[in-house]
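Observations on the model geometry
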Number of protein chains: 2
Amino acid sequence: MAKKPFTTASTTDEQAFLAGYDASQFPHPSLTVDVALVTADGGKLKAVLVQREQHPARGKWALPGTFVGIRESLDEAAQRALQTKVGISRIFLEQLYTFGQPDRDPRTRVVSVAYYALVDPGKLTKGFAADQRTQLIELSAKGTGKGQAAGPVHGLDEQGKRLPLAFDHGDILGMVVERLRGKLDYAPIGFELLPKKFTLRQLQDIHETILGRKLNKDSFRRRLIASGRIAATGEHEQAVGHRPAELYRFKGTQQRH
Amino acid sequence: MAKKPFTTASTTDEQAFLAGYDASQFPHPSLTVDVALVTADGGKLKAVLVQREQHPARGKWALPGTFVGIRESLDEAAQRALQTKVGISRIFLEQLYTFGQPDRDPRTRVVSVAYYALVDPGKLTKGFAADQRTQLIELSAKGTGKGQAAGPVHGLDEQGKRLPLAFDHGDILGMVVERLRGKLDYAPIGFELLPKKFTLRQLQDIHETILGRKLNKDSFRRRLIASGRIAATGEHEQAVGHRPAELYRFKGTQQRH
DNA sequence: ATAATAGTGTCTCTCAGACACTATACC
DNA sequence: GGTATAGTGTCTGAGAGACACTATTAT
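Reference entry: report on the structure contained in this document. Here the residue numbering is sequential within each chain, running from 1 through the sequence in written order. Both sets of labels track the order of writing: A upward for chains, 1 upward for ligands. Confidence filtering applies because this is a predicted model: local features only for residues at pLDDT of at least 70, side-chain atom pairs given and counted only at 80 or more, and all residues used for totals across whole chains, interfaces and linings. The basis for the side-chain values is all heavy atoms of the structure; hydrogens and waters are excluded.

**A word on the overall build of chain A**
- Helices and strands together make up the secondary structure of chain A, namely six helices and twelve strands.
- Scored against the burial criterion, the 257 residues of chain A give a buried share of 51%.
- For chain A, the exposed area adds up to about 12800 Å²; of that, 48% sits on carbon and sulfur atoms. For helices the rule is a DSSP run of H or I covering at least 4 residues; for strands it is a run of E covering at least 2, with both sets numbered from the N terminus onward. Accessible area is worked out with a 1.4 Å probe on protein chains only. A residue is then buried under 20% of its type maximum, exposed over 50%, and partly exposed in between. Computed with a 1.4 Å probe, the accessible areas rest on the Shrake-Rupley method; for each residue, only the protein chains presented here act as cover.

**Quick word on the pairing of strand β2 (residues 44-51) of chain A**
Residues and elements named next belong to chain A.
- With respect to burial, β2 is a largely interior element, six of its eight residues being buried.
- In this structure, strand β1 (residues 30-41) lies alongside β2, joined through four bridges in antiparallel fashion. Bridge pairing links Ala40 to Leu45 in β2.
- Linking two consecutive strands that pair antiparallel, namely β1 and β2, is a turn of two residues; a positive phi of about 60° is found at Gly42 within it. If DSSP finds at least two bridges between two strands, the strands pair.

**Notes on the protein's contact with DNA strand D**
- We call a residue near a molecule or strand when any one of its heavy atoms sits within 4 Å of it. Around DNA strand D sit 18 residues in total, of which Glu246 of chain A together with Asp218, Ser219, Arg222 and Arg243 of chain B are the nearest.
- The sugar-phosphate backbone supplies 59% of the atoms of DNA strand D found within 4 Å of the protein.
- Arg222 of chain B is positioned with one of its side-chain polar atoms (N or O) 2.8 Å from a base nitrogen of DNA strand D.
- Taking Arg243 of chain B, its side chain carries an N or O atom lying 2.8 Å from a base nitrogen of DNA strand D.
- If you list the elements that add at least two residues to the surface near DNA strand D, you get α6 (217-227) of chain A together with α6 (217-227) of chain B. Any pair of N or O atoms that falls within 3.5 Å is considered a polar contact. Within protein, one atom must be able to donate a hydrogen and the other to accept it, and sequence-neighbouring residues count only if both atoms are side-chain atoms.

**Thoughts on the nonpolar core**
Residue and element names in this part refer to chain A.
- We define the nonpolar core as a collection of buried residues of types Ala, Val, Leu, Ile, Met, Phe, Trp, Tyr and Cys that are connected through side-chain atoms lying within 4.5 Å of one another. Core analysis: the biggest nonpolar cluster contains 41 residues, and Tyr116, Leu118, Leu173, Leu180, Ile189 and Ile210 have the highest contact counts within it.
- Those elements giving two or more residues to this core turn out to be β1, β2, β5 (92-99), β6 (110-118), β7 (134-140), α4 (169-183), α5 (200-211) and α6.
- As annotated, the domain borders come from an automatic or database domain assignment. Residues lining this core come from more than one domain, with at least three contributed by each of domain 1 (30-183) and domain 2 (197-250).
- Contact partners of Leu180, with chain neighbours within four places excluded, come to Val38, Tyr116, Leu118, Ile189 and Ile210. By definition in these notes, contact holds between two residues if any of their heavy atoms fall within 4.5 Å.

**A short note on the side chain of Thr39 of chain B**
- The topology assignment puts Thr39 of chain B in strand β1 (residues 30-41).
- Contacts of Thr39 of chain B, omitting those with residues within four sequence positions, involve Lys44, Leu45, Lys46, Val119, Asp120, Pro121, Leu124, Leu136 and Leu193 of chain B.

**Some details on the packing of α5 of chain A against α6 of chain A**
Residue and element names in this part refer to chain A.
- Think of each axis as a best-fit line through the C-alpha atoms, taken over the contacting stretch in the case of a helix, with angles from 0 to 180 degrees between the N-to-C directions. For the pair α5 and α6, the least separation of the axes is 11 Å and the interaxial angle reads 105°. With respect to α6, the element α5 is oriented roughly perpendicular. Contact residues: α5 offers Leu200, Leu203, Gln204 and His207, while α6 offers Lys217, Phe220, Arg221, Leu224 and Ile225.
- For this classification, Asp, Glu, Lys and Arg are treated as charged, while Ala, Val, Leu, Ile, Met, Phe, Trp, Tyr, Cys and Pro are nonpolar and the rest, including Gly, are polar. Grouping the amino acids of the contact of α5 with α6 by side-chain chemistry returns five nonpolar, two polar and two charged. Oblique is the label for any angle not under 35 degrees, not over 145, and not in the 65 to 115 range, which are roughly parallel, roughly antiparallel and roughly perpendicular in turn.

**Section: α6 of chain A**
Residues and elements named next belong to chain A.
- Buried within α6 are the following residues: Phe220, Leu224 and Ser227. Take α6 and look down its axis: the buried residues cluster within an arc of 60°, on one side only. In α6, those exposed residues whose orientation departs by more than 90 degrees from the buried face are Arg222 and Ala226.
- On its buried face, α6 is in contact with α5 and β11 (230-236). The directions considered for the arc are those from the helix axis to the C-beta atoms.

**Notes on the sheet that holds strand β10 (residues 197-198) of chain A**
Residue and element names in this part refer to chain A.
- Ordered by their spatial adjacency, three strands build an open sheet running β10-β12-β11, and the pairing between neighbours is antiparallel. A strand with exactly one partner marks an edge of an open sheet, and here the two such strands are β10 and β11.
- In the sheet, β11 pairs with strand β12 (residues 246-250) via four bridges, with the strands oriented antiparallel. Its bridge partner being in β12, Ala232 is matched across the sheet by Tyr248.

**Considering helix α4 (residues 169-183) of chain B**
Residue and element names in this part refer to chain B.
- The span expected for a helix works out to 1.5 Å for each residue beyond the first. For α4, which comprises 15 residues, the first-to-last C-alpha distance of 21 Å matches the rise-based estimate of 21 Å (1.5 Å per residue) to within 8%.
- Of all 15 residues that make up α4, eleven are buried, and the element is covered over most of its length.
- Three or more residues of α4 are buried, namely His169, Gly170, Ile172, Leu173, Gly174, Val176, Val177, Leu180, Arg181, Gly182 and Lys183.

**Remarks on the pattern of salt bridges**
- Salt bridges are counted wherever a side-chain nitrogen of Lys or Arg sits within 4 Å of a carboxyl oxygen of Asp or Glu. One pass over the full model with this rule turns up 24 salt bridges over all chains.
- Ionic pairing is found between Lys44 of chain A and Glu138 of chain A, a salt bridge with its closest N-O pair at 3.8 Å. Highlighted residues: Lys44 of chain A in strand β2 and Glu138 of chain A in strand β7, separated in sequence by 94 residues.
- Residues Arg223 of chain B and Asp185 of chain B are paired through a salt bridge, measuring 3.3 Å at the closest nitrogen-oxygen approach. Here Asp185 of chain B lies in the loop between α4 and β10 (197-198) and Arg223 of chain B lies in helix α6, a separation of 38 residues in the sequence.
- Exposure remark for Asp185 of chain B: the relative accessible area of 49% places this residue in the partly exposed category.
- Each of Arg201, Asp205, Glu208 and Lys214 of chain A takes part in a single network of salt bridges with overlapping partners.

This is the structure:
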């Protein structure tokens, strides 16, 4: 086969594809989206997870997800999953990676397109008491900074005890942390985790939480101001017990250089 | 719905999912992989494309692809597509992004997991005369360097005339170029496009081809040698009409810092 | 010897990190 | 005034770009 790349077999396969193939003819993988809704609060990286009530992986924590409808795009399916399972919409949402190991779900073949979403924790705190199965769970992320792998990740309860994740969702969250660390410096990641107006200290806290290490204050300030991505508002924070910092806002995505 | 996130509807949906859902019950998207097999030759970025013989998009050029089998992983499907359609295997292969717009294929709903593969053009030249429909086509990539978007991309024939791409494959190749530019500095991209032993000049040519701009010779040499990712072999190129350069080899992926 | 590219030494500029200092709020 | 954090000015070291120079091969 290596010597004759274009065999009859490959040609008929191609023709079957080109002829307009009937999707119901042989078994296909099922297709879902799973969304890691991530936020940073109190120096901790957290995600909204749903505790499973049924086997398999009963009692373990899973990402909110849904099947992909026959007429909706993947982005739309991810938005619908967030709206339906967490009751939130109009937030930053981006495709991460597609997970398709044949044994990742023991019931049947399920390929899952994973997304991550970012949200200001202030937008999330209301309404979470409604369902005890859905909670904001702290993530354990190994390593620090851009170079190192973060996962797999697991959940942590209030006492720092391990909460197991369902299926390969620990791997998914590990890749989310890695991706956030990698894109932090050149994509509007940090701003999505803060209110519209924020101080440079708050933004630095977000960066430190994602990277898992401390950053230099002076260098961080200079770099962010020089980036042209934020603008001073002239307003200042209030009642903080010390000199109030100026509030900045994100100017929106724009090209540099 | 925004006020009450956890409605009865979402709960029953969850239960249906948890109960172990029958995949054949309602229509699913079909799932394929498409692979951009990319190489750099003569200062041009090229990809292996297949000219379509049938409608839709008849005569246009498409990425080699295949349906995802029910028992194979996505990576395995991508490898199989390369083996079956191009007759090549054991090369660098990495998942890119999953394309799922409902109208991307006019026949039926097809979600495609796109991959990119990198290969030394020396490994590819043999055997391409066998099928005229499968050719190595130059890519038009806009912009330069990391910051700028590259796509959508189209093909170019020997005379520089535009060759239209099928479906959304121009968008896929645009994202491939973007990804290569972004990962070039910290992932073993360049080495995969060269023989095992190469000169620094060859490696710099590869980088310049991918980025679409010239690089500083001195700085490039220092940076690559200091990176610790390559090792001098002591051998030199031969019969080049000028001072022969030393041959280097890639030391393999390893962590720094 | 000449042409052409490989490879080295050094200067400068930019930027991150570090440190010291001043500024301004609440108590 | 005391305390805590905001914000500024300046020095230093690392690394990229630029340039000049030397080295080595084929013709």
